[in-house]
Amino acid sequence: MVLDELDTPIVLAPMAGGPSTPELAAAVTEAGGLGFVAAGYLPASELAARIKATRALTSGAFGVNLFYPSEPSPTDRFDTYIRTLAAEFPLGEARHDSDDWAAKLDLLIADPVPVVSSTFGCPTAGEIARLHAAGSEVWVTVTTVAEARQAVAAGADVLIAQGAEAGGHRGVFVDDPADDLADPLGLLALLQLLRAAVDTPIVAAGGIATGAAVAGVLCAGAAAAQLGTAFLRCPEAGTAPVVRDAIAEPTPTMLTRAFTGRRARGLRNRFMVEHPDAPVAYPEIHYATGPLRAAARAAGNADEVNLWAGQAHSLTPELPAGELVRTLSADAKNALERVLSLRIQSY
C-alpha cells in the first residue's frame, strides 16, 4: 500500500481550480509525502499533460483526484437565482457536465498512477475493479459512516475522512439541502465513528494546519493527514494573489452554496453573506458564476470571489512545499513524543 511506503504521513489535498500544480504535487512527493494532481474542471487532455509534467519532476508516487459526476439539476431549481445574479454580475452559461469522467477514467486505466481518488461520490465496483487491474489504489472521500460503508463495499482501498473544518467543497455523495438542518461531522468525531465502523485505512482531512494537528489525527486512528489550505501560500501553488493575501488574515469561514451550488467552506465575504439561500445546483451555478469570479480575481476583489479555505487558515505559512512538509513532520514527531511523555495514571 502506498501509505506504508511514505517517509512521512502527509498527503497533499487535491485543490482544483488553480492551486493544484505539477510543481506542488512533485514537491510534496519529493519531501516524503504523497502529492496529488487535481483533475477537477480539466479536460482529459490537460490532465494527461499535468501527469506528464509531474512525472518529469519526480520519480516518486503521486495521486490523481477525480470529481464523480452528479445528476443534472432541474432548470427551475436555479433559474431565479441566476436571473438575480445576472442583474448585477457578468455570468456564463449555467450548464451541467460530467467533468469528462469517462475520458479521465480511460486515461488513468491506459496510463495508471499509484493512487486515484474520488470526490463527490464513489466509483462503481466495476470502475474500481478496472483501476485495480491497472495497478492503482482507489481512495474515496467520505463525510459519514454510511458513505464509508458504501465505499468499502465497492472496493475502496483507503477512505479520506473529510471533516466539517475542511476548506473547499464538501465531498458528500448526495448534496441534499435537508442535511443542512444537521451539523456536518467534525473531523475528530468522524474519525472515531469511522474507526468503529470499518477496518479500511483512513486519511484524515479538515482543518489540519500544524504538526501537532497531524499528530492528533494519527493518535485518533488515521494512517495519514491530508492538508490543502496549509499549502495555499507555497510558491509552487497556483493560488491567486487575492486568495494568498486573504487566507493570512483571521477572517471567519462559513459554508455556502452561493458561488457553485454545492456547499463549500470559504472565508466569509460580502457575496456569501448576501446570497445565503443559493439553491442546490452543482455544477450549473459553478459555471454560471465563473466569469464573475474570474473578474474578481483579476481585480483583487476579495468580496466577489470564492476564497476556499479551512477553519485553521490563518496558521498557513509562506514556505516552499518541501520545507513545509519537513517542518510539519518534525513538529508532528515532537508532538507525539510530548504526548508519550505525559503521565497517564492507571487504575
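Structure: see above.
Values in this document were obtained by computation on a predicted structure and should not be read as measured data. (Residues numbered from 1 in each chain as written. Predicted model: local features only at pLDDT ≥ 70, side-chain atom pairs only at ≥ 80, totals over all residues. Heavy atoms only, no water.)

**Student:** Describe the sheet that holds strand 10 (residues 253-256), and please don't skip the residues or the numbers.
**Tutor:** The strand order across the open sheet formed by three strands is 7-11-10, and the pairing between neighbours is antiparallel. Two strands bound the open sheet, and with one partner strand each, they are strand 7 (168-169) and strand 10. Where strand 7 lies against strand 11 (residues 264-267), two bridges are found, and the strand directions are antiparallel. For H169, the partnering residue across the bridge sits in strand 11 and is A264. (Pairing = 2+ DSSP bridges. Helix = DSSP H or I, 4+ residues; strand = E, 2+ residues; numbered from the N terminus.)

**Student:** Go over the side chain of D99, please, and point to the residues and values.
**Tutor:** Inspection of the secondary structure assignment puts D99 in the loop between helix 4 (75-86) and helix 5 (101-110). Looking at D99, its side chain comes within polar contact range of the main-chain nitrogen of Y41, at 2.9 Å. With sequence-adjacent residues up to four places away left out, D99 is seen in contact with A39, G40, Y41, L42, F67, K104 and Y287. (Polar contact = N/O pair within 3.5 Å; in protein donor to acceptor, adjacent residues only side chain to side chain. Contact = heavy atoms within 4.5 Å.)

**Student:** Tell me about the packing of helix 5 against helix 6 (residues 125-134), and name the residues and values.
**Tutor:** In contact at an axis separation of 9 Å, helix 5 and helix 6 are set at 25° when each is read in the N-to-C sense. Relative to helix 6, the element helix 5 lies roughly parallel. Residues W101, L105, D106, L108 and I109 of helix 5 pack against E127, R130, L131 and A134 of helix 6. Considered class by class, the residues forming the contact of helix 5 with helix 6 number six nonpolar, no polar and three charged. (Axes fitted to C-alpha atoms, helices over the stretch in contact; angles between N-to-C directions. Parallel < 35°, antiparallel > 145°, perpendicular 65-115°, else oblique. Nonpolar A, V, L, I, M, F, W, Y, C, P; charged D, E, K, R; others polar.)

**Student:** Report on empty space enclosed by the protein, specifying residues and quantitative values.
**Tutor:** Under the counting rule described, the total for this entry stands at one cavity of 30 Å³ or more. Roughly 110 Å³ of internal volume is contained in the largest cavity. Considering the residues around the largest cavity, the lining is formed by 13 residues, among which F67, D97, D99, Y282 and P283 are closest to the centre. Considered class by class, the residues forming the lining of the largest cavity number eight nonpolar, two polar and three charged. (1 Å grid on protein atoms, 1.4 Å probe; cavity = no way out; pocket = protein on both sides within 12 Å on 5 of 7 lines; lining within 4 Å. Points joined across faces, edges and corners; volume = space filled by probe spheres on them.)

**Student:** Pulling in residues and values, what's your account of the environment of A209?
**Tutor:** Tracing the sequence through the fold places A209 in the loop between strand 8 (202-205) and helix 9 (211-219). With 24 residues separating them in the primary sequence, A209 and R233 have C-alpha atoms 12 Å apart. When residues no more than four places from it in sequence are discounted, the contact partners of A209 are L227, A230, A312, L315 and L328.

**Student:** How would you explain the pairing of strand 2 (residues 35-38) if you had to name every residue and give the values?
**Tutor:** Residues G35 and V37 of strand 2 are buried on one face, and the alternating residues F36 and A38, pointing to the opposite face, are buried as well. In terms of strand pairing, strand 2 meets strand 3 (residues 62-67) through four bridges, oriented parallel. Paired with A38 across the two strands is N65, which belongs to strand 3. (Buried < 20%, exposed > 50% of the residue type's maximum accessible area, 1.4 Å probe, protein only.)

**Student:** How would you summarise the pattern of salt bridges if you had to cite specific residues and measurements?
**Tutor:** The tally for this structure, following the rule as stated, stands at 12 salt bridges. The salt bridge partner of R130 is D106, with a shortest N-O separation of 3.0 Å. On the criterion of sequence distance, the pair formed by R130 in helix 6 and D106 in helix 5 is long-range, its members being 24 residues apart. For R130, a relative accessible area of 37% puts it in the partly exposed group. A relative accessible area of 41% places D106 in the partly exposed class. Here R257 makes a salt bridge to D175, at a shortest N to O gap of 2.9 Å. (Salt bridge = Lys/Arg side-chain N within 4 Å of Asp/Glu carboxyl O.)

**Student:** Can you lay out the layout of surface pockets for me, pointing to particular residues and giving the numbers?
**Tutor:** Any empty space left between the atoms is revealed when a probe the size of a water molecule rolls over them. By volume, the largest pocket amounts to about 970 Å³. In terms of lining residues, the largest pocket is bounded by 49 residues, among which M15, A16, G167, G168 and W308 are the most central. Looking at the lining of the largest pocket, the elements with two or more residues in it are strand 3, strand 4 (115-119), strand 6 (158-162), strand 7, strand 9 (224-227) and helix 13 (290-299). Broken down by element, the lining of the largest pocket gets its largest block of residues, three residues, from helix 13. Per-class residue counts for the lining of the largest pocket are 22 nonpolar, 25 polar and two charged.

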